[in-house]
Amino acid sequence: MAVRARVALLLAILGVLACPVRGADYSDNEARVLILGGGAAGLQAARTLHDAGVDDFIIIEAADRVGGRVANTQFANMNVELGPTWALPEVSRTVDLVRQLNLSHRASDYDSLVFRADNGADVTDQTDPLYEVFGPAKEKLGLLRDQMKADSDIPDMSQRSALRVGGWIPDTALHRAIEWFDFDITFGDTPETTSTKETEFIGEEYWMTDARGLKEIFGAVAGFLDAPEYANHTRLNQDVASIDYQNDISVVVTTRDGTRYIGEYVLVTFSLGVLQHDLVDFVPDLPEWKDVEINKFQMTAYTLVYLSFPSKFWGDEEWILHPSDRRGYYPGFFNFQAAGFYPNGTPLLLALITGDEARRVEAQPSADTKAEIEAVLRGMYGDAIPQADGILVTDWNQNPYTKGAFSNFPVEVTTECFDKLQSRVHRVFFGGEATSYGYFGTVDGGLRSGEREADKILECMEDFKACPIAVTQSLECEEAGSSANGLRLNAFLANIMLGLILIMLYV
Ligand SMILES: Cc1cc2nc3c(=O)[nH]c(=O)nc-3n(C[C@H](O)[C@H](O)[C@H](O)COP(=O)(O)OP(=O)(O)OC[C@H]3O[C@@H](n4cnc5c(N)ncnc54)[C@H](O)[C@@H]3O)c2cc1C
C-alpha cells in the first residue's frame, strides 16, 4: 500500500475515533458534543447545534430538571421565582421570549417606595436632600465610565471611588439604604468591588408575574428536546465529578455515580461559583492563565426570602426600604400586594438580601431568619403585627451546583482578561453567564454564551487546526481575538506525532 494511501487510512481511523457512531436512539454515552449543564447556556447551545444540523450531543445535568438558576415554585398559593425575578434589560432576548410567549410581567416602579426607620417613623421625606446628592454622583459615575470606554489608557475604578468623586459619602443608615436600593440590588455586590467601566444600569426591568414562571422561555429555546426521539439527549441527575482532557482527540467526563461519557468537544456551562470551588476535577489541572481568570471574577450572593402573613399590615408602595446601621441588614422588601401585582393575593413580602448578609442568612436555620425579619418588621410597623405563617429561603450560595447567585465584574479585571475566561482549553469550551461580555449576571448572558460557544464548536468541527482560541499560555491579558497560540500549536504537533507513530507501527 502506498504511503499516501496508508496516511489517508490512518487519518480515516483517527476521524472515526474522533466521531463516534451513535445508535439511532442516542442511548450510548458517546457524542460529538457533551454539554455540561442544562441551564440557559446549555439549552441554547443545544438549540444552536440542532439548528446547524448537529444533533449528536448529550446534555449532562446534575439536577433532576433543566433550567438551572431559572426556577420557580409554589409558595402560599402563588408562583414565586427562586432565581431571576426580572426579565432585563429592555433590549434583550429574554424580554423578546417573554413577549413572544405572552408571559405576564410588569415594569418595576422604583419610585413607589417608603423608607421606614427602626422606630417606625416614615422617613421617606428625609431622603429628598440625599437623592439631590446621589443623582449627580451617579451621573458623575456615568461620565467617568464614558471617559474610560473612550480612552483605554484611563484605568478602571470601583463604583465606590467613582461615587465619591461625585460627592457621595454614605455615612448614615439612610444613605446606605438609598445606595443599596440602586447598586447592591442590581449588581449583587457593594460598590467597593464592582467595576465602574464594565457595569451599567439597565433600562426598564420587567418583574415576572406569570404563573408558569420564567422557565417557560426554555420551551421556546429548546422545546425540540421534549420530542420522544430526543429522550436520550438530556441526562438528568448526572453530577459531573471530572473532566479528563489529556487525550488529543476526545474528552472523558465522569459523573459521581461512575458513568463515563466520551465526547469530541465538551462545553462547560457550570457557574463561576462551581468552578471557583473546585467542585469539578479537571485532568490535567486547568492551566494557570485560565485558573487565574476564573478566580478573579466575582460570584455574588443574593438570597430571596419569601414570607407570607395572615393579614397585610404594610402600605401599598411597591418597595419598603429599611435604613439600618448595619449595612445590608434586611435592607429591602418587595410588596406583592402593590397595585398591578397581586393586590388581592396572599399577603406576601419578599426580602432581598445581598453580599455577606446573604451568605450569613443562607447559612443559618430559616427559623432564625424568620425571627430576625419579624423583629425588623416589628420595629418598622409596631409590636401588634402578626407573625409570618410561612417562609421560603433560597439557597443559591449553599447549592453545590451554583455556589452563588450570578457573576459581577470586579474592578481588577480588564476586557482583555475577560477574553481568557471564555477561551477554550484544548477541546474543553467554556460558556455560562459569567463568560458573556456585557451580559454577565443575566439570563441573556447564559443564552448568548451558549450560542457563542456552540458556534465556536461548529467552526472547530470544520477545521480544528483553525479552531479559535483567544490567548497565549501566560498571565498577560491580550487584545480580544488574537488566535496564534502555543496551545493550538501543541495540539497540532501532538496530532502529527501520533500520526507518525501509527505510520511507523504500520510500516
Ligand atoms: C437569586 C437570583 C436572582 C437573579 N436575578 C436575575 C434577574 O432578575 N434577571 C436576570 O436576567 N438574571 C438574573 N439572575 C441570573 C440568571 O439566573 C443566570 O445568569 C442564568 O440563569 C445563568 O444561566 P447559565 O446557563 O449560565 O447557568 P446555570 O443556570 O447555573 O446552568 C448551569 C447548570 O449546570 C448544572 N451543574 C452545575 N454543576 C454541575 C455538575 N457538577 N454536574 C452536572 N451539572 C452541573 C446546574 O445544575 C445548572 O443547571 C439571577 C440569579 C439568581 C440566583
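An unreviewed UniProt entry annotates the chain as Amine oxidase of Patiria miniata. Of the comments in the UniProt record for the chain, the one headed Cofactor (unreviewed entry) reads "FAD". Word for word, the UniProt comment on the chain under Sequence similarities (unreviewed entry) is "Belongs to the flavin monoamine oxidase family."

Some thoughts on the site of the ligand
Of all residues adjacent to the ligand, which total 43 residues, the nearest are Gly-37, Gly-39, Gly-68, Pro-84 and Gly-446. Counting residues per element, the ones that place at least two in the shell around the ligand are helix H2 (40–51), strand E15 (302–308) and helix H13 (443–462). The class makeup of the residues in the shell around the ligand is 22 nonpolar, 16 polar and five charged.

Examining the sheet that holds E15
Ordered by their spatial adjacency, six strands build an open sheet running E7-E16-E17-E18-E15-E19, and the pairing between neighbours is mixed. Edge positions in the sheet fall to strand E7 (113–115) and strand E19 (390–393), since each of these pairs with one other strand and no more. The mean inter-strand angle of the sheet, taken between neighbouring strand axes irrespective of direction, is 20°. For E7 and strand E16 (residues 319–321), the ladder comprises three bridges, and the chain directions are parallel. Note that in E16 the partner of Phe-115 across the bridge is Leu-321. Strands in contact with helix H10 (residues 355–363) are E15, strand E18 (348–354) and E19; relative to E18, the strand with the most contacts, it is inclined by about 115°.

Digging into the pairing of E18
For E18, the buried fraction is high: six of the seven residues fall into the buried class. Of the pairings in the sheet, the one linking E15 to E18 comprises seven bridges and is antiparallel in character. Residue pairing across strands places Thr-303 opposite Ile-353, the latter belonging to E18. For strand E17 (residues 332–335) and E18, the ladder comprises four bridges, and the chain directions are antiparallel. In the sheet register, Phe-333 faces E18, and the bridge partner there is Ala-351.

Examining the UniProt feature "binding site: FAD" (unreviewed entry) in the chain
In the numbering adopted here, UniProt assigns the feature "binding site: FAD" (unreviewed entry) to Glu-61, Ala-62 and Val-240. A maximum C-alpha distance of 7.9 Å places the annotated residues, which cover 180 residues in sequence, within one compact spot. Mapped onto the fold, Glu-61 is located in the loop between strand E2 (57–60) and strand E3 (72–75). Assessed through the 26 C-beta atoms surrounding it within 10 Å, Glu-61 is described here as buried. Once you skip the residues sitting within four places of it in the chain, Glu-61 turns out to touch Gly-37, Gly-38, Val-66, Thr-234, Arg-235, Leu-236 and Gln-238. Within the element layout of this structure, Ala-62 appears in the loop between E2 and E3. Note on Ala-62: 21 C-beta atoms within 10 Å, which makes it buried. Once you skip the residues sitting within four places of it in the chain, Ala-62 turns out to touch Gln-238, Asp-239, Val-240 and Tyr-401.

Points about helix H11 (residues 366–381)
Along its 16 residues, H11 runs 22 Å from first to last C-alpha, staying within 8% of the 22 Å computed at 1.5 Å per residue. For H11, the complete set of buried residues consists of Thr-369, Ile-373, Leu-377 and Met-380. On an axial view of H11, the arc spanned by its buried residues comes to 65°, and they lie on one face. For H11, the exposed residues set more than 90 degrees away from the buried face come down to Ala-367, Asp-368 and Ala-375. On its buried side, H11 packs onto E15, E18, H10 and E19. Following H11 by one or two positions, Gly-382 adopts a phi angle in the positive range, close to 100°.

Calculation notes
Residues numbered from 1 in each chain as written. Predicted model: local features only at pLDDT ≥ 70, side-chain atom pairs only at ≥ 80, totals over all residues. UniProt positions renumbered as here; feature names shortened; annotations may be inferred. Near = placed C-beta within 6 Å. Helix = DSSP H or I, 4+ residues; strand = E, 2+ residues; numbered from the N terminus. Nonpolar A, V, L, I, M, F, W, Y, C, P; charged D, E, K, R; others polar. Pairing = 2+ DSSP bridges. Axes fitted to C-alpha atoms, helices over the stretch in contact; angles between N-to-C directions. Contact = placed C-beta atoms within 7 Å. Buried ≥ 20, exposed ≤ 12 C-beta atoms within 10 Å, placed from the backbone. Expected span 1.5 Å × (residues − 1). Arc of directions from axis to C-beta.

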